[in-house]
Amino acid sequence: MNNDASWPEPNAARERVLGIQRKLHRWSSDDQTRRFTDLYNLVIDPSTLLVAWLRVRANRGSRTAGVDGKSASQIESGPGVERFLNELRDELRRGTYRPQPVRERRIPKAGGKTRRLGIATVRDRVVQSALKIVLEPIFEAQFQPCSYGFRPGRRAQDAIAETHHLTSRSYEWLLEADIEACFDRLDHVAVMDRVRGRIGDKRVLGLTKAFLKAGILTELGGLEETLTGTPQGGITSPLLANIALAALDDHFARAWKAMGVNWQRQQRRRHGEANYRLIRYADDFIVCVSGERAHAEALANQVEKVLKTLGLTLSREKTRIVHVDEGFDFLGFHIKRCRGRSGHRHVYTYPSKRSLASVKAKVRDITRSGLNQTLAQLLYRVNVVVRGWCNYFRHGASKRTFSYLRAFVWRRVVCWLRRKYPRRNWGWLLDHYLPRWWPTDGEVTLFNPASLPVVRYRYRGCRIRPPWELGIMTDREQVLGLERLQALIAR
């Protein structure tokens, strides 16, 4: 490795990093027991750091500063990107780099609770991104297909599709579970032990541990040690959480393998034994059980034992045993088996009442005030929220919900117009802002949720392949993606 290499062009850096990731993923896939002992040079490679910077800069969070008060734009207008990366790389090469504490930010949650978000400095985010670039392809090779959260090429809709697939095929009882304060209580020893299982480079291990122990600068100004957990908001936190929670995935994967093939699982059911599958998205998961309620209750004890080794416990408030005919919420969807128009029972996935209430609250907040802005500005803000929400739920039985949301959004925007122009009559509003009774300002039109087609999501199962496997995405497509990323930064 040439540590004195100059900074490459972004396209060349992206191609080099993709080649490195493909090799690491192939080597890790070919030998599941291999420990990688020389990775630090890949972390501090100029191409890796440059791609890490581009990813951090493209993130909307780059506008937020950490404890040092520096945002990405201030770095660009101040010392410049090349000088910033040179200084950061020199610290990493000399071994003098030390992560700074993350800045605490409390985010409101449902029920009056708050979630702790840790905002790292830009320099720490770049190093974490570089660390993730190197580590992710290695661990992705051993992750189980039942895990969908914060993994490349996977999304929440895949978890919902598998849930629909299993509950439609005799897996009628479900253990609906949630890990209590997962990111805050993960045991550092358990996390590092699982990382050491594949990583033998002491410098990479030391860097990973340093981020876990960096500390938190609270909102009151005090410095708090991080004895457990991975700060939410950190770039490596989702990966480290997946590495730790892979212990739960492995436990259920071994149990599924022991059940044998399809005819053997059918034989188990005839003898009164249960078959079960885990579906996990980060710290939210369900266990689909083909058996009786007692079988699902027994699995809760198994889960507790596995999580205890990671320093975690199940949330008693959010953990319950439920039948698919009763319905349950998972990842924003409400999943329930109902009798359809044909008279046959089918499993349907709807937007949950809580999710609908959430998007309605956001629209209310946008349209409650801001009378000094133009209608086009208001419509842009409303469209971003509503379009994103509808695109997430477009693969469920959401047509009626979309029609209801259409009426709700229209009413909120029209009421906002009436407050903005209290002395104008309906005729004036129709001429200026309500052509055909639909809110429009120039080229900006209110998004119509009912116009979005509802399509069934294709269940991919175990066919989801990571992006580093050849044939998933060509180098040219990667370069084009980077060019779009740079255009976004330029805007």
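For the structure itself, look to the data block above.
The structure contained in this document is the topic of the report that follows. Keep in mind that what you see is a predicted model, and the values were worked out from it rather than measured.

**Thoughts on the nonpolar core**
Ranked by internal contacts, the top residues of the largest apolar core, which has 82 residues, are Leu39 and Val126. Membership of the second largest hydrophobic core comes to 47 residues, among which are Ile335, Cys390, Val409 and Trp438.

**Notes on a positive patch on the surface**
Residues Lys109, Arg115, Lys318 and Arg354 make up a contiguous surface patch of positive charge. As for its placement among the helices and strands, lysine 109 is situated in the loop between strand S1 (102-108) and strand S2 (114-119). The exposure class of lysine 109 is partly exposed, given its relative accessible area of 31%.

**Observations concerning the side chain of threonine 401**
Structurally, threonine 401 is set in helix H16 (residues 399-420). Threonine 401 sits in the buried class, given a relative accessible area of 16%. The residues contacting threonine 401, other than those within four sequence positions of it, are Pro351, Leu356 and Trp389.

**What to know about the environment of phenylalanine 139**
Along the chain, phenylalanine 139 falls in helix H6 (residues 122-140). Look at phenylalanine 139 and you get buried, because its relative accessible area is 0%. When the C-alpha positions of phenylalanine 139 and glycine 200 are compared, they lie 13 Å apart, and in sequence the two are 61 residues distant. Discounting residues that sit within four places of it in the chain, phenylalanine 139 has contacts with Arg194, Val195, Arg198, Ile199 and Ile243.

**Quick notes on the pairing of S1**
Bridge analysis of S1 against strand S4 (residues 216-217) gives 2 bridges, and the strand direction is parallel. Its bridge partner being in S4, arginine 103 is matched across the sheet by leucine 217. Where S1 and S2 come together, 6 bridges link them in antiparallel fashion. In the sheet register, proline 108 faces S2, and the bridge partner there is threonine 114.

**Notes on empty space enclosed by the protein**
Gaps left between atoms show up when a probe the size of a water molecule is rolled over them. Under the counting rule described, the total for this entry stands at 3 cavities of 30 Å³ or more. Of the voids in this model, the largest cavity is the one considered here, and its volume is about 100 Å³. Of all the secondary-structure elements, those providing two or more residues to the lining of the largest cavity are H6, helix H10 (202-212) and helix H11 (237-258).

**Looking at the sheet that holds strand S3 (residues 173-178)**
Pairing is antiparallel in the open sheet, where 4 strands are placed in the order S6-S7-S3-S8. Of all strands in the sheet, those with a lone pairing partner are strand S6 (275-281) and strand S8 (320-323), marking the two edges. In this sheet, adjacent strand axes meet at a mean angle of 20° when their direction is disregarded. Where S6 and strand S7 (residues 284-290) come together, 7 bridges link them in antiparallel fashion. Looking across to S7, one finds that asparagine 275 is bridged to serine 290. Sitting on the sheet, helix H7 (residues 156-167) is in contact with S3, S6 and S7, with an inclination near 165° to S6. The strands touched by H11 within the sheet are S6 and S7, with S6 carrying the most contacts at an inclination of about 165°.

**Considering the sheet that holds S4**
One key point about sheets: their strands pair by backbone hydrogen bonds, in either a parallel or an antiparallel sense. Taken in spatial order, the 4 strands line up as S2-S1-S4-S5 in an open sheet, and their pairing is mixed. The open sheet has two edge strands, S2 and strand S5 (223-224), and neither has a second partner. When S4 meets S5, the two strands line up antiparallel, connected through 2 bridges. Within the sheet, the bridge partner assigned to isoleucine 216 lies in S5 and is glutamate 224.

Definitions and limits used
- Residues numbered from 1 in each chain as written.
- Predicted model: local features only at pLDDT ≥ 70, side-chain atom pairs only at ≥ 80, totals over all residues.
- Heavy atoms only, no water.
- Core = buried A, V, L, I, M, F, W, Y, C linked by side-chain atoms within 4.5 Å.
- Buried < 20%, exposed > 50% of the residue type's maximum accessible area, 1.4 Å probe, protein only.
- Patch = residues over 30% accessible without salt bridge, like charges linked within 9 Å, V, L, I, M, F, W, Y side chains within 5 Å.
- Areas by Shrake-Rupley, 256 points an atom, 1.4 Å probe, with all protein chains shown as cover.
- Salt bridge = Lys/Arg side-chain N within 4 Å of Asp/Glu carboxyl O.
- Lys, Arg positive; Asp, Glu negative; His and termini not counted.
- Charge placed at Lys NZ, Arg CZ, Asp CG, Glu CD.
- Helix = DSSP H or I, 4+ residues; strand = E, 2+ residues; numbered from the N terminus.
- Contact = heavy atoms within 4.5 Å.
- Pairing = 2+ DSSP bridges.
- 1 Å grid on protein atoms, 1.4 Å probe; cavity = no way out; pocket = protein on both sides within 12 Å on 5 of 7 lines; lining within 4 Å.
- Points joined across faces, edges and corners; volume = space filled by probe spheres on them.
- Axes fitted to C-alpha atoms, helices over the stretch in contact; angles between N-to-C directions.

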